[in-house]
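Reading the structure
Read off the chains here:
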Amino acid sequence: MGRKKIATGVIFLFIISLINTNAFAQDLIFEKWPGKLTSHPDFGPNRKHFFHEFASLSLSFPVDQPTVIQTNQLLTGTFSLGFRYKLKITQPIALVTEAGINLNFFNIGQQTGKNFPDTLIHQFQSVRNTGLFGGILVRVRLGQRGDYLGRYIDAGVIAEKSIASQLITKDNIETNGNSLLTTHKTTRSDIGGVNSFSYKAMVRFGFDRISLMASYRLSRLLESSWEHDLPALSIGLEISPFRY
C-alpha cells in the first residue's frame, strides 16, 4: 500500500513538471522612475545667494559745529536707489555688497558770516551732488530661522564717486524799481570744490524689508581749500520693495 502511494506521488509530480505555466505571486501594475532628487535651492532671502533692490532717504546733521557749514536739516540729506547682493557664509553671518546712485542735497543756512559757497545772504541756496556709490558690509542675522530677511545688523564701508553738482540760488528782487518783488532762480552746474571721491562708515539695523540706517563720512566732501565742510552724519530709513 505504501509503495503504491509513493509511486502515485512521483507520477503526479512528474506530470506537473511537464506543464509549462508561468505563475507569479504578484503582477506589476504601475511603475515610475522618480529620477534624481532635486537639491535644496540656493537662492532666497535666507539662503546662500540673494539680491534685491532698495531705496533710502536720510537726513544729515552737523555734529561738529565749529568746522561744519550750517544747514537746514529738513532739507539736507541723501536719497539713494540701488541693488544689494547677499552671500551667506554661515548660518548667522553673510557678506553684503551694494551699488547704486544717490542724490546729496544741502540747504545752506543763510546767516551772517557764511562763506560757502559765497558770502551773500540769499532767500534760498542749495548744493546738490549726484554720484554713484558702492559698498561692502558684514551682516549678522539675529537668530531667526525661515526663508525671509528677518532681523539683522549690517556694518561696513560705502564709497561714493561724484559725477555732477549744482548750486541753486533763489532771491527776491524788485520789479521796475517799485515795491513788487519777484523770485529769481539761478542754477549753476559743476560747481568747483567738491571732491571726486569720498567714503563713509555705515551701520544698518534691519527689520525684514524695512531698516534704520546711520552713516558717518570719514573723508571730506569739499576740497581742503574750503575752511569748513558739509555735514557728515546721516540718519535715515530704508525700504526693500520686493515680494516673498
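Remember, predicted model here, so these are calculated numbers, not experimental data.

Side note on the overall build of the chain
Within the chain one finds one helix and nine strands. From first element to last, N terminus to C terminus, the chain shows the α and β order α-β-β-β-β-β-β-β-β-β. Scored against the burial criterion, the 244 residues of the chain give a buried share of 34%. Taken as a whole, the chain presents about 15800 Å² of accessible surface, with 63% of it coming from carbon and sulfur.

Comments concerning the nonpolar core
Of all hydrophobic cores here, the largest spans eleven residues; its members are Ile-69, Phe-106, Ile-108, Phe-116, Val-127, Leu-167, Ile-191, Val-194, Leu-221, Leu-222 and Leu-230. Residues contacting Phe-106, with those up to four places away along its chain left out, are Leu-75, Thr-76, Gln-125, Ser-126, Val-127, Leu-221, Leu-230 and Pro-231. Membership of the second largest hydrophobic core comes to seven residues, among which are Phe-54, Leu-137, Met-202 and Met-213.

Remarks on the environment of Ala-55
Along the polypeptide, Ala-55 turns up in strand β1 (residues 49-61). Each C-alpha atom, one on Ala-55 and one on Ile-210, is 10.0 Å from the other, the two residues being 155 residues apart in sequence. Apart from residues lying up to four places away in sequence, Ala-55 is in contact with Ser-80, Leu-81, Leu-237, Glu-238 and Ile-239.

Thoughts on the pairing of strand β5 (residues 151-174)
In the sheet, strand β4 (residues 124-141) pairs with β5 via 18 bridges, with the strands oriented antiparallel. Its bridge partner being in β5, Phe-124 is matched across the sheet by Lys-170. One ladder, built from eleven bridges, connects β5 with strand β7 (residues 197-207); its direction is antiparallel. Each residue of the ladder has a partner; that of Ala-159, found in β7, is Tyr-199.

So, the packing of aromatic side chains
The final tally for this structure, using the stated rule, is five aromatic pairs. Here Phe-43 and Phe-50 contribute two aromatic rings whose centre-to-centre distance is 5.4 Å and whose plane-to-plane angle is 45°, an arrangement assigned as tilted. Residue classification places Phe-43 among the partly exposed residues on the basis of a relative accessible area of 43%. Note that Lys-170 overlies the ring of Phe-124, its terminal NZ or CZ placed 5.5 Å from the centroid.

Considerations on the pattern of salt bridges
Under the defined criterion, the tally for this structure stands at eleven salt bridges. In this structure, the salt-bridge partner of Arg-84 is Glu-98, at a minimum N-O distance of 2.7 Å. With a gap of 14 residues between them, Arg-84 in strand β2 (residues 77-88) and Glu-98 in strand β3 (residues 93-107) connect regions that are remote in the sequence. For Arg-84, a relative accessible area of 3% corresponds to the buried category. A relative accessible area of 6% places Glu-98 in the buried class.

Section: unusual backbone geometry
Note that the residue after Phe-116, namely Pro-117, is joined by a cis bond; omega there is -10°. Along the chain, the position of Pro-117 falls in the loop between β3 and β4. With phi around 60°, Asp-208 is a residue other than glycine that occupies positive phi space. Position of Asp-208 among the secondary structure elements: in the loop between β7 and β8 (210-217).

A short note on the pairing of β8
Within a regular beta strand, the side chains point alternately toward one face of the sheet and then the other, so they alternate between its two faces. Judged by which residues are buried, β8 turns out to be one-sided: Ser-211, Met-213, Ser-215 and Arg-217 face inward and are buried, whereas Ile-210, Leu-212, Ala-214 and Tyr-216, on the alternate face, are not. Bridge analysis of β7 against β8 gives eight bridges, and the strand direction is antiparallel. Among the inter-strand pairings, Gly-206 is bridged to a residue of β8, identified as Ser-211. With antiparallel pairing between neighbouring strands as the criterion, β7 and β8 make up a hairpin whose turn holds two residues, including Asp-208 at a positive phi of roughly 60°. Pairing of β8 with strand β9 (residues 233-239) involves seven bridges; the strand directions are antiparallel. If you follow Tyr-216 over to β9, its bridge partner there is Leu-233.

Some details on the environment of Asn-129
Assignment of secondary structure puts Asn-129 in strand β4. Sequence-wise, Asn-129 and Leu-167 are 38 residues apart; in three dimensions their C-alpha atoms are separated by 9.0 Å. Apart from residues lying up to four places away in sequence, Asn-129 is in contact with Asn-102, Leu-103, Asn-104, Ser-162, Ala-164, Ser-165 and Val-194. Polar contacts involving the side chain of Asn-129 include one to the side chain of Ser-162, which spans 2.7 Å.

Calculation rules
Residues numbered from 1 in each chain as written. Predicted model: local features only at pLDDT ≥ 70, side-chain atom pairs only at ≥ 80, totals over all residues. Heavy atoms only, no water. Helix = DSSP H or I, 4+ residues; strand = E, 2+ residues; numbered from the N terminus. Buried < 20%, exposed > 50% of the residue type's maximum accessible area, 1.4 Å probe, protein only. Areas by Shrake-Rupley, 256 points an atom, 1.4 Å probe, with all protein chains shown as cover. Core = buried A, V, L, I, M, F, W, Y, C linked by side-chain atoms within 4.5 Å. Contact = heavy atoms within 4.5 Å. Pairing = 2+ DSSP bridges. Phe/Tyr/Trp six-rings, centres within 6.5 Å; stacked < 30°, edge-to-face > 60°. Lys NZ or Arg CZ within 6 Å of the ring centre and 35° of its normal. Salt bridge = Lys/Arg side-chain N within 4 Å of Asp/Glu carboxyl O. Polar contact = N/O pair within 3.5 Å; in protein donor to acceptor, adjacent residues only side chain to side chain.

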